[in-house]
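Descriptive analysis of the structure
Listed below, chain by chain, are the residues.
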Amino acid sequence: MENILVSACLLGVSCRYDGNEKAHDEVLALLNRKDIHLIPICPEQLGGMQTPRHPSERIEDKVMNCVGEDVTEYFEKGAKEALKVAKLYDCKYAILKERSPSCGKGIIYDGTFSGGFKDGDGMTAQLFHENGIEIFGESEIVKLCEQLEKKENA
């Protein structure tokens, strides 16, 4: 059985900045698989942020919210706490919410709060990568399943 961390919002937990969820059908379908165990996390809540909260975006090494507050400390703490969970459950993979200042991998919001994007990782995604956890966004579920199948057949 493979333990896989997953952004809780993708499983329908109302933990996003706006108090909503972002349930994703392909992620939810993974709950029916017998060979994996999904472990939900919300790094922003683990870092001590409330829900709902002001939207935040990563600017260089900081995370700022839309009213100009530096919330980097919450994001750093949340990333560290999420990594603790990953280590407790020996997770080698994570499914993280794309474009998020916490969970985004490769492309995140650009820090202007205008809906634009830039290359980069969210704080949690960056820490996971540094610690050898392979990250998949919600649009990459097929790729994750192929990876798991290769591992099983190896």
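Relevant structure appears above.
Calculation rules
Residues numbered from 1 in each chain as written. Predicted model: local features only at pLDDT ≥ 70, side-chain atom pairs only at ≥ 80, totals over all residues. Heavy atoms only, no water. Helix = DSSP H or I, 4+ residues; strand = E, 2+ residues; numbered from the N terminus. Rg over C-alpha atoms; globule rule 2.2 N^0.38 Å. Contact = heavy atoms within 4.5 Å. Areas by Shrake-Rupley, 256 points an atom, 1.4 Å probe, with all protein chains shown as cover. Lys, Arg positive; Asp, Glu negative; His and termini not counted. Charge placed at Lys NZ, Arg CZ, Asp CG, Glu CD. Axes fitted to C-alpha atoms, helices over the stretch in contact; angles between N-to-C directions. Parallel < 35°, antiparallel > 145°, perpendicular 65-115°, else oblique. Left-handed = near helix turned anticlockwise from the far one by under 90°.

1. As for the overall build of the chain
- Helix and strand counts for the chain stand at 5 helices and 8 strands.
- Listed by position from the N terminus, the elements making up the chain come as β-α-β-α-β-β-α-β-β-β-α-β-α.
- Here the C-alpha radius of gyration of the chain, 15 Å, is about what a compact globule of 154 residues would show, namely 15 Å.
- In terms of overall dimensions, the chain has C-alpha extents of about 50 × 30 × 30 Å along its principal axes.
- Sequence-distant contacts, at least 24 apart, represent 64% of the contacts inside the chain between residues at least 6 apart.
- When the accessible surface of the chain is summed, it comes to about 8,200 Å², and 49% of that surface belongs to carbon and sulfur atoms.
- Within the chain, the 27 negative side-chain charges are centred at a point lying 3 Å from the centre of the 19 positive side-chain charges.

2. A word on the packing of helix α3 (residues 72-88) against helix α4 (residues 123-130)
- In the contact formed by α3 and α4, the axes pass within 8 Å of each other and the chain directions differ by 40°. Classified by the angle their axes make, α3 and α4 are oblique. Between α3 and α4 lies a crossing whose hand is right-handed. Along its contact with α3, which presents Thr72, Phe75, Glu76, Gly78, Ala79, Lys80, Ala82 and Leu83, the element α4 presents Met123, Thr124, Leu127 and Phe128.

3. A word on the side chain of Asn65
- Assignment of secondary structure puts Asn65 in strand β4 (residues 62-65).
- For Asn65, the contacting residues outside a window of four places in its chain are His54, Pro55, Ser56, Val71 and Phe113.

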